[in-house]
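These are the residues of each chain, in order.
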Amino acid sequence: METAMKNAEIARIFSEIADMLDFLGDSPFRVRAYRSAARYLMDMEEPIERVAEGGEKALDELPYIGHDLAAKILEYLATGRVRKHEELKKQVPPGVLEVMRVPGVGPKTAKLLYDELGVDSLAAFKEALESGRVLELPGFGEKKRARLLHNLELVEAAGRRRPLGEVLWVARALVERLEQLPQVEHAALAGSARRYKETVGDLDLLAASRRGRAVTDAFVRFPEVDEVLLSGASRATVFLKTGLQVDLKIVEPDAWGSGLQYFTGSKDHSIHLRTMALDRGLKINEYGVWKGARRIAGKTEEEVYSALGLPWIPPPLREDRGEIEAAQAGALPELVQLDQIKGDLQVHSTWSDGKATLEELAAAAAERGYAYLAVTDHSPAVRVAGGVPPEKVAERIAAIRAVNEKTGGRPYLLAGAEVDVLPDGRLDYPDEVLAQLEIVLVAVHAHFSLDRQRQTRRILKALENPYVHVLAHPTARHLGKRDPIEADWEKIFETARALGKAVEIDGYYARLDLPDTLARRAGELGLTVSLSTDAHAVDHLRFMELAVGTAQRAWLGPDRILNTRNLKELQNWLEAVRG
DNA sequence: GCCGTTTTCGGCCCGACTGTTTTCAGTCG
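Definitions and limits used
- Residues numbered from 1 in each chain as written.
- Chains lettered and ligands numbered in written order.
- Predicted model: local features only at pLDDT ≥ 70, side-chain atom pairs only at ≥ 80, totals over all residues.
- Heavy atoms only, no water.
- Core = buried A, V, L, I, M, F, W, Y, C linked by side-chain atoms within 4.5 Å.
- Buried < 20%, exposed > 50% of the residue type's maximum accessible area, 1.4 Å probe, protein only.
- Helix = DSSP H or I, 4+ residues; strand = E, 2+ residues; numbered from the N terminus.
- Phe/Tyr/Trp six-rings, centres within 6.5 Å; stacked < 30°, edge-to-face > 60°.
- Pairing = 2+ DSSP bridges.
- Contact = heavy atoms within 4.5 Å.
- Axes fitted to C-alpha atoms, helices over the stretch in contact; angles between N-to-C directions.
- Parallel < 35°, antiparallel > 145°, perpendicular 65-115°, else oblique.
- Left-handed = near helix turned anticlockwise from the far one by under 90°.
- Nonpolar A, V, L, I, M, F, W, Y, C, P; charged D, E, K, R; others polar.

For chain A, an unreviewed UniProt entry supplies the name DNA polymerase beta and the organism Oceanithermus profundus.

Right, here's the structure in full:
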């Protein structure tokens, strides 16, 4: 399988260059050029070194990459560094970039904080906010101080945790590399990433080998590794060039199952299991299940669970949220699987802010074996997203139909929209426009801070519109950047249920919205759940795996999921909603 | 720094929101 590790490394360098230029007051257009290139590199699945085989010319042909950045990519691939990046780092204190990551702090504020108060780290920023020293600065008042303090705490709470989707594919690449080592019998991703937890602090990898030292020796020499924290016979901890911490543990092949169980966690789940074991006169550790000095299980995870009289429990359920009791009762839920998904129910095209044309989306969906794809471009209120004005909707629908004509409807593109919910709950398209669309999603994109009551009323009103099918990314959160909006979800779910409408799990890696716990509640209340990627580029379609992982963490089975249905069934459902 | 039925320099999205301000700067999307 292809891996795109270098893409992430170069993206990080370009993104840091952008931040530093921004701080130094360079041209905002140059800053944006670096940011766009970084984002493009992160989005692309093809390894950049593969493109680079075609030389500077091939790189130059990529969007957002011109003569200059092509040269910098080649420089990085040849030397492992970019001179401009190194030079800027001498001019900008590293902590300043952290401060700029606090929402509400841009380059101007960061510069002011640094020049006037010497703020060069998050800690110094926090001190300046708490002591009130910031109030000396022009443009700073009490409200701003309080807001920035809150945002700082948000960033701190997110800590070094990263969205799962930022690291999952990196993890897979490392696992493959481990599997190729001759001393390694198996390798796997463990930890919270295996459980599809929305954010991960570090990566936990497990390898089975009789020669641990040789494995860690090889591992710390992987080209992605920047710094080695420790390396021994049974474990190694490193930092990758992307700043990500990776722990590798090695167990004997006979202990593979117990090692995998132990390092997958969660901690609460494992503690619960160990307590159960003690009640039966057994002991569990990472080396096996023990009866006295005799090992009675450990080669596979199935064996470990079976030793406790339990069926194997899928990792996304392992949070000690009732899964062990359910397993004991033989009542583990059937979970939806990625290969049961027949289509993606929220994607954006070049008609609004997507990077892919309708034709490109159709081709990418066909490649994934999808039967259908809902093209749901933005409505005009989301200005930054180039929303489609109502008078252009008919033209857009015609363009979608034309693609279906051409492809024979394989996959079938549904003419949809992601319609903004205005602050008072009215929708951003009139009913006669909504009526022309085959699928209508509604979503909040602004006015996040309405109080709970007004926010709830706003969403209920949107759901009550007879043309609406799905409430998309309901909480509007952005991992590590924006809190979920406050609303009475119980009431919203009950209303959606009564109206026969669906709620969404948006699988875009920075959203994962509904979050797992709310999605579980939605499932318990009998709601239909729509899975999507919110793709703005064809490569984003891969985030369906994250939507499915989140659905699994929410205990959702295929019968709860709207897009496990075939096209005809989906169309029947869409029509039935409108009565 | 990218891009171009403008091929070579000038344009690059720009309005809403917030908090602070007496008319606006900074940030965000």
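Caption draft 1: Representation of the nonpolar core in the model. Of all hydrophobic cores here, the largest spans 61 residues; its most connected members are Val 442, Ile 492, Phe 493, Ile 505 and Leu 531. At 5 residues, the largest contribution of residues to this core is made by helix H18 (residues 358–367). Counting 50 residues, the second largest nonpolar core, distinct from the first, contains Ala 11, Ile 48, Val 102 and Ala 110.

Caption draft 2: A look at the packing of aromatic side chains. One pass over the full model with this rule turns up 10 aromatic pairs. On the basis of an interplanar angle of 65° and a centroid distance of 6.2 Å, the ring pair of Phe 23 and Tyr 114 is categorised as edge-to-face. Taken together, the positions of Phe 23 in helix H1 (residues 5–23) and Tyr 114 in helix H8 (residues 107–117) put the pair 91 residues apart, joining distant regions of the chain. The partly exposed category is assigned to Tyr 114, whose relative accessible area is 31%. Judged by centre distance (5.9 Å) and plane angle (70°), the ring pair of Trp 169 and Phe 543 falls under edge-to-face. A residue pair is termed long-range when its members are at least 10 positions apart, and Trp 169 in helix H11 (residues 164–179) and Phe 543 in the loop between strand S17 (528–532) and helix H24 (544–553) qualify at 374 residues. Assessed through its relative accessible area of 3%, Phe 543 is described here as buried.

Caption draft 3: The arrangement of the sheet that holds strand S16 (residues 502–506) in detail. Strand order in the open sheet made by the 7 strands is S11-S12-S13-S14-S15-S16-S17, with parallel pairing throughout. With partners counted over all chains shown, the strands left at the sheet margins are strand S11 (343–347) and S17, one partner each. Pairing of strand S15 (residues 470–471) with S16, which is carried by 2 bridges, proceeds in the parallel orientation. For Val 470, the partnering residue across the bridge sits in S16 and is Ala 502. Packing of H18 onto the sheet brings it into contact with S11, strand S12 (372–378) and strand S13 (412–420), and relative to S12 it is tilted by some 145°. In the packing of helix H19 (residues 393–407) onto the sheet, the strands contacted are S12 and S13, and the crossing angle to S13 comes to about 155°.

Caption draft 4: Spatial organisation of unusual backbone geometry. Residue Pro 411 is bonded to the preceding Arg 410 through a cis peptide linkage, with omega at 0°. Along the chain, Pro 411 falls in the loop between H19 and S13. Between Asp 513 and the following residue, Leu 514, the backbone shows a cis peptide bond with an omega angle of 10°. Inspection of the secondary structure puts Leu 514 in the loop between S16 and helix H23 (516–524). Not every positive phi belongs to a glycine, and Asp 534 is a case in point at roughly 55°. For Trp 555, which is not glycine, the phi torsion reads 65° and is therefore positive. Summarising the element assignment, Trp 555 is placed in the loop between H24 and helix H25 (567–577).

Caption draft 5: The arrangement of the packing of helix H22 (residues 489–499) against H23 in detail. For the pair H22 and H23, the least separation of the axes is 10 Å and the interaxial angle reads 40°. In terms of orientation, H22 lies oblique with respect to H23. Judged by the sense of rotation from one axis to the other, the crossing of H22 with H23 is right-handed. Along the contact surface, H22 presents Trp 489, Glu 490 and Phe 493, while H23 presents Leu 518, Arg 521 and Ala 522. Residues belonging to the contact of H22 with H23 are distributed by class as follows: 4 nonpolar, no polar and 2 charged.

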